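The lines below spell out each chain.
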Amino acid sequence: MSLPAGALQSVRGMNDILLDDMPYWSRLESTARRVLGSYGYGEVRVPLVEHTELFRRSIGEFTDIVEKEMYTFEDRGGDSLTLRPEITAVLVRAAISNGMLHNQKHRIWTTGPAFRYERPQKGRYRQFHQIDCEAFGYEGPDVDAEIILVSARLLRELGVGRVSLRLNSLGLPASRALYRERLVAYLESRFDELDEDSRRRLAGNPMRVLDSKNPALAALIEAAPRITDHLDAESSAHFAAVRAHLDAAGLEYRVDPRLVRGLDYYTRTVFEWTTDALGAQDAVCGGGRYDGLVSQLGGEPTPAIGWGMGIERVVELMRASGAPAIGDAPAVYLVLAGERAEAQGLALAEGWRDSLGEVGLAVNLGGGSFKSQLKRADRSGARYAVIMGDEEAGRGVVAIKSLRGDGTQQECLQAEVPARLRTLLGEGRVTVDG
Ligand code: ATP
Ligand code: MG
């Protein structure tokens, strides 16, 4: 496809989500709303832009995100603002600034875009979207298990296959600090073998070396000390209880001591859903517990846990799995053949819509031959065409033609169209008791 000279394009890595994709997005969002709502998670909406400080203080100075991926700018008043690169920190900020954490527990979720200046490629964009789910005020381990189970149910109900769950515990800050020392000693002993990225991480954030995607480092990472061998007793017990809940619920997972996740704020439980169906960008949902973050951001100490799911990747996976999508396609398409029919069409449709309820009705606009209108009716996704020519208009009738089944056609008084359509579409059936 070639664009006319001078035509504007979207910003690199920021996509338009168009007609072919939207039915998958709609189904993902409506399924999330239903599943999360049914577990008692309530939906909230929060800003896309925050003070830069929020992300520096939460995600961590030595993470890829803060070091090189944030869209940070000064507004006209001279404040440093940042397009949110992730949503957890924003929900924590919202919970603190709205006084939601004082002796309270909350289970909330939200959806919307996040922005990271990454190298765009399939499954990795500069504006991407997440479903983000968090629980505040619960120490767990029941909530750790529940929040993982809700992510599992969401993926299952979407009908995506080829996903698997990895689970780890990072322990408490004190045991983590001890582990960190052991890890640094190990990595320094093999410094010559590290790549440039890992050397940089070794200085600022050594645990992130374990998260390296460089295959040349796989063996070195495999032989590194394991965090699960260095957990404090409390975290060990917590982790065992989380696993016991998941085992009892029959959810499969693999404990992976290399799973550290890319943000600094995690403590104890971390988890990630990955898939083998999407190539290199294999993480579809990740999360964990972050008990220290609320107080780190100035709130009252509050235990918390959550996850973020990448919508673009899950939509790809829905396609790859042949999962259903939902569209808002009209159920009915009105074909208007002739001047008289055209003159009456819009008003007739308005009248029918008053009693059609949720049944969608699209009207053919701009004329066209009978044949081309029927083609458009078919492409619209409608199940029935309501056909009116000048002759029918004169008699106060229409023809209703099935577009999906046998193609049968029946005549109907104009006044009876809504009732007839509802019967045909299997709605508006009345059951009589006794
Ligand atoms: P990755 O390892 O692929 O970089 P991540 O660990 O940085 O992912 P998180 O910060 O945990 O990702 O974000 C949660 C989810 O958001 C990821 O599991 C992924 O599905 C999605 N995601 C993250 N970054 C992007 C991106 N640049 N483009 C599209 N989706 C993304
Ligand atoms: Mg990343």
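Scoring rules and cut-offs
- Numbers given for residues are sequential positions, taken from 1 along each chain in its written order.
- Following the order in which they are written, the chains are lettered starting with A and the ligands numbered starting with 1.
- Given that the model is predicted, a residue must reach a pLDDT of at least 70 before its local features are reported, and side-chain atom pairs must reach 80 or more before they are shown or counted; all residues, however, enter totals for whole chains, interfaces and linings.
- The side-chain values count all of the structure's non-hydrogen atoms but skip hydrogen atoms and water molecules.
- Whenever Lys or Arg places a side-chain nitrogen within 4 Å of a carboxyl oxygen from Asp or Glu, that contact is recorded as a salt bridge.
- Strands are runs of DSSP state E lasting at least two residues, helices are runs of H or I lasting at least four, and both sets are numbered from the N terminus onward.
- Throughout this description, buried means an accessible area under 20% of the type-specific maximum (1.4 Å probe, protein chains only), exposed means over 50%, and partly exposed covers the range between.
- Being near a molecule or strand, for a residue, means having at least one of its heavy atoms within 4 Å of it.
- Between N or O atoms, a polar contact is any pair within 3.5 Å; within protein, one atom must be a potential hydrogen donor and the other a potential acceptor, and residues adjacent in sequence are included only when both atoms are from side chains.
- Residue-level confidence of the predictor is what pLDDT reports, using numbers from 0 through 100.
- We call two residues in contact whenever any of their non-hydrogen atoms come within 4.5 Å of each other.

(A) Expanded view of the pattern of salt bridges. Taken as a whole and assessed by the stated rule, the structure comprises 29 salt bridges. One salt bridge connects E43 with R33, and the closest N-O pair in it is separated by 2.9 Å. One end of the pair, E43, is in strand β1 (residues 42–43); the other, R33, is in helix α1 (residues 22–38), and ten residues separate them in sequence. When its relative accessible area of 32% is taken as the criterion, E43 is described as partly exposed. The partly exposed category is assigned to R33, whose relative accessible area is 36%. Between R201 and D197 there is a salt bridge, and its shortest N-O distance comes to 3.8 Å. One end of the pair, R201, and the other, D197, are both in helix α7 (residues 196–204), four residues apart, so they sit about a helical turn from each other. Salt bridges linked by common partners bring D64, E67, D197, R200, R201, R208 and D211 together as one network.

(B) Focus on the site of ligand 1. Around ligand 1 sit 16 residues in total, of which R116, E118, K213, R261 and A283 are the nearest. Residue Q130 places a side-chain N or O atom 3.1 Å away from an oxygen atom belonging to ligand 1. Contact between ligand 1 and K213: an oxygen atom at 2.7 Å from a side-chain N or O atom of the residue. Of all the secondary structure elements, the ones that give two or more residues to the shell around ligand 1 are β6 (127–136), β10 (283–289) and β11 (304–310). The element contributing the most residues to the shell around ligand 1 is β10, with four residues.

(C) Representation of the confidence of the model for the protein chain. Of all residues in the protein chain, 98% have pLDDT values of 70 or greater, and the mean over the chain is 93. Here residues 428–434 is modelled with pLDDT under 50, and outside its nearest four sequence neighbours on either side it reaches one contact, counting other chains as well.

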